[in-house]
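Read off the chains here:
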Amino acid sequence: MDFRNGRQSRNVEDRRGQSGPRLGGRGGRIGIGTVVLVLVAMYFGIDPSVVLNSGVMAPPAIESRAPGGPRPAAEDEAARFVSMVLADTEDTWGPIFRAGGARYQEPQLVLFTGATRSACGVGQAQMGPFYCPADGKVFLDLSFFDELHHRFGAPGDFAQAYVIAHEVGHHVQNLLGISDKVQQARQRVSEREANQLSVRLELQADCLAGVWAHHAQRSRQVLEAGDVEEGLAAASAIGDDRIQKQAQGYAVPDGFTHGSAAQRVRWFRIGLQQGELGACDTFSASAL
């Protein structure tokens, strides 16, 4: 991606170098069992705050400390790239919301190391990037980019940008009231139907990431040769079927919460090609 003329966002909160909630023990520390429950909950599309705020643990205290020495240059460069991608999403969604007679409320993006506190509970690096609608923040441990490359086989800066744009897509859904409607609907239906609603929500966020890429390229020409392929590879790599097969050797479609690799690629491509919010209505689509 070419951000030579880009700006950095003012909405990045850098918590790197802070020690997060401690594992083990009592009185505001996270037990290993809680971490396992949270990871299982997120894998099956359950809001992690259900586990974290249900009395399983006390609210943790965040311990702050000064960073232990200079950070690697590559890490600071990655943080700068994240800030520039976030700024570009702001430059895309602001005008889109204004055209619809609304104001885009920019999200904050929190960079952290290991674990950190959010309004949805404690975020762990093992969860991957996530969006918390309760505080309107995106949370990211930069180590996920290494995992995206080495575990999921999706290297490249546009693959990383797609991940950020997907989480910002959840923020857009939150502002539009879509997330609340889906959460309420999930509470009234069976587990299988609730999973299907989660899939449609996630595929819509993929499509919204594509809408951002469409406008970023049309307005600012940020894409370079191979970028689109990187984004499509990332969307495919984190499909439920591929992740389940990697974890257990087979896929269970009724357990999908984010969509298959093919579905994620399809909806990202729809957003990328059409660049319109209306094209991302996954909830009315008869086939995903």
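Residues numbered from 1 in each chain as written. Predicted model: local features only at pLDDT ≥ 70, side-chain atom pairs only at ≥ 80, totals over all residues. Heavy atoms only, no water.

Enquirer: When you look at the pattern of salt bridges in this model, what are you seeing that I'm missing?
Expert: As enumerated under the stated definition, the model contains 11 salt bridges in all. The residue Asp76 makes a salt bridge to Arg16 at a minimum N-O spacing of 3.3 Å. Placement of the pair is Asp76 in helix 3 (residues 73–99) and Arg16 in the loop between strand 1 (12–14) and helix 1 (32–43), with a sequence separation of 60 residues. Judged by its relative accessible area of 34%, Asp76 falls in the partly exposed class. Its relative accessible area of 6% is what places Arg16 among the buried residues. Two residues, Arg220 and Asp88, come together in a salt bridge whose shortest N-O distance is 2.8 Å. One end of the pair, Arg220, is in helix 7 (residues 191–220); the other, Asp88, is in helix 3, and 132 residues separate them in sequence. The partly exposed category is assigned to Arg220, whose relative accessible area is 27%. Judged by its relative accessible area of 5%, Asp88 is buried. Salt bridges here are not isolated pairs; linked through shared partners, they connect Asp14, Arg16, Glu75 and Asp76. (Salt bridge = Lys/Arg side-chain N within 4 Å of Asp/Glu carboxyl O. Helix = DSSP H or I, 4+ residues; strand = E, 2+ residues; numbered from the N terminus. Buried < 20%, exposed > 50% of the residue type's maximum accessible area, 1.4 Å probe, protein only.)

Enquirer: Explain helix 5 (residues 157–175) to me, please; I cannot follow it from the model alone.
Expert: Counted at 1.5 Å a residue, the expected span for helix 5 with its 19 residues is 27 Å, and the 27 Å between its end C-alpha atoms agrees. The positive-phi residue at the C-terminal boundary of helix 5 is Gly177, with phi of around 80°. (Expected span 1.5 Å × (residues − 1).)

Enquirer: Can you help me understand the side chain of Ser83 in this one?
Expert: Relative to the elements of secondary structure, Ser83 occurs in helix 3. Of note is the side chain of Ser83, whose polar atom sits 2.9 Å from the backbone nitrogen of Ser9. With near-sequence residues (within four places) excluded, Ser83 lies in contact with Arg7, Gln8, Ser9 and Val12. (Polar contact = N/O pair within 3.5 Å; in protein donor to acceptor, adjacent residues only side chain to side chain. Contact = heavy atoms within 4.5 Å.)

Enquirer: Whenever I open this one, the side chain of Gln173 confuses me. Can you help?
Expert: Along the chain, Gln173 falls in helix 5. Overall, Gln173 belongs to the buried group, its relative accessible area being 0%. Not counting residues up to four positions away in its chain, the partners in contact with Gln173 are Ile178, Ser179, Leu201, Gln204, Ala205 and Leu208.

Enquirer: When you look at the sheet that holds strand 2 (residues 108–111) in this model, what are you seeing that I'm missing?
Expert: For sheets, the rule is that strands pair by backbone hydrogen bonds, running either parallel or antiparallel. In space, the four strands of this open sheet follow the order 1-2-6-5, with mixed pairing throughout. Every other strand in the sheet has two partners, leaving strand 1 and strand 5 (130–132) as the edge strands with one partner each. Strand-to-strand twist across the sheet, computed as the mean angle between neighbouring axes with direction ignored, equals 25°. In terms of strand pairing, strand 1 meets strand 2 through three bridges, oriented parallel. Counterpart to Glu13 in the pairing with strand 2 is Val110. Contacting strand 1, strand 2 and strand 6 (137–140), helix 3 runs over the sheet at an angle of about 170° to strand 2. (Pairing = 2+ DSSP bridges. Axes fitted to C-alpha atoms, helices over the stretch in contact; angles between N-to-C directions.)

Enquirer: What is the right way to look at the environment of Gly121 in this model?
Expert: Within the secondary structure, Gly121 sits in strand 4 (residues 121–124). A relative accessible area of 11% places Gly121 in the buried class. For Gly121 and Cys132, which are 11 residues apart along the polypeptide, the C-alpha to C-alpha distance reads 9.0 Å.

Enquirer: Help me out: how do you make sense of the packing of helix 8 (residues 227–237) against helix 10 (residues 261–274) in this one?
Expert: In a packed pair of helices, the relevant descriptors are the angle between the two axes and the axis-to-axis distance. It is at 7 Å that the axes of helix 8 and helix 10 come closest, and there the two elements cross at 145°. For the crossing formed where helix 8 meets helix 10, the hand is right-handed. Between helix 8, through Val228, Gly231, Leu232, Ala235 and Ser236, and helix 10, the contact on the second element is made entirely by Ala261, Arg264, Val265, Phe268, Arg269 and Leu272. Here the contact of helix 8 with helix 10 is composed, by residue class, of seven nonpolar, two polar and two charged. (Left-handed = near helix turned anticlockwise from the far one by under 90°. Nonpolar A, V, L, I, M, F, W, Y, C, P; charged D, E, K, R; others polar.)

Enquirer: When you look at the state of the cysteines in this model, what are you seeing that I'm missing?
Expert: As used in these notes, a disulfide is a covalent bond between sulfur atoms, one from each of two cysteines. In total, this model carries two disulfides according to the counting rule given. A sulfur-sulfur separation of 2.1 Å characterises the disulfide bridge that pairs Cys120 with Cys132. Between Cys120 and Cys132, the S-S dihedral sits near 95°, and the bridge is therefore right-handed. Of this pair, Cys120 sits in the loop between strand 3 (115–118) and strand 4 while Cys132 sits in strand 5, and the two are 12 residues apart along the sequence. The pair formed by Cys120 and Cys132 is uniform in burial state, with each residue classed as buried. (Disulfide = S-S within 2.5 Å.)

Enquirer: Sorry, what's going on with the confidence of the model for the protein here?
Expert: Residues at a pLDDT of 70 or more form 82% of the protein, whose mean pLDDT is 82. Averaged over each element, pLDDT in the protein is lowest for helix 1 (43) and highest for strand 2 (97). A low-confidence stretch, residues 49–68 (pLDDT under 50), is modelled with 42 contacts involving residues beyond four sequence positions or located in other chains. (pLDDT = per-residue confidence, 0-100.)

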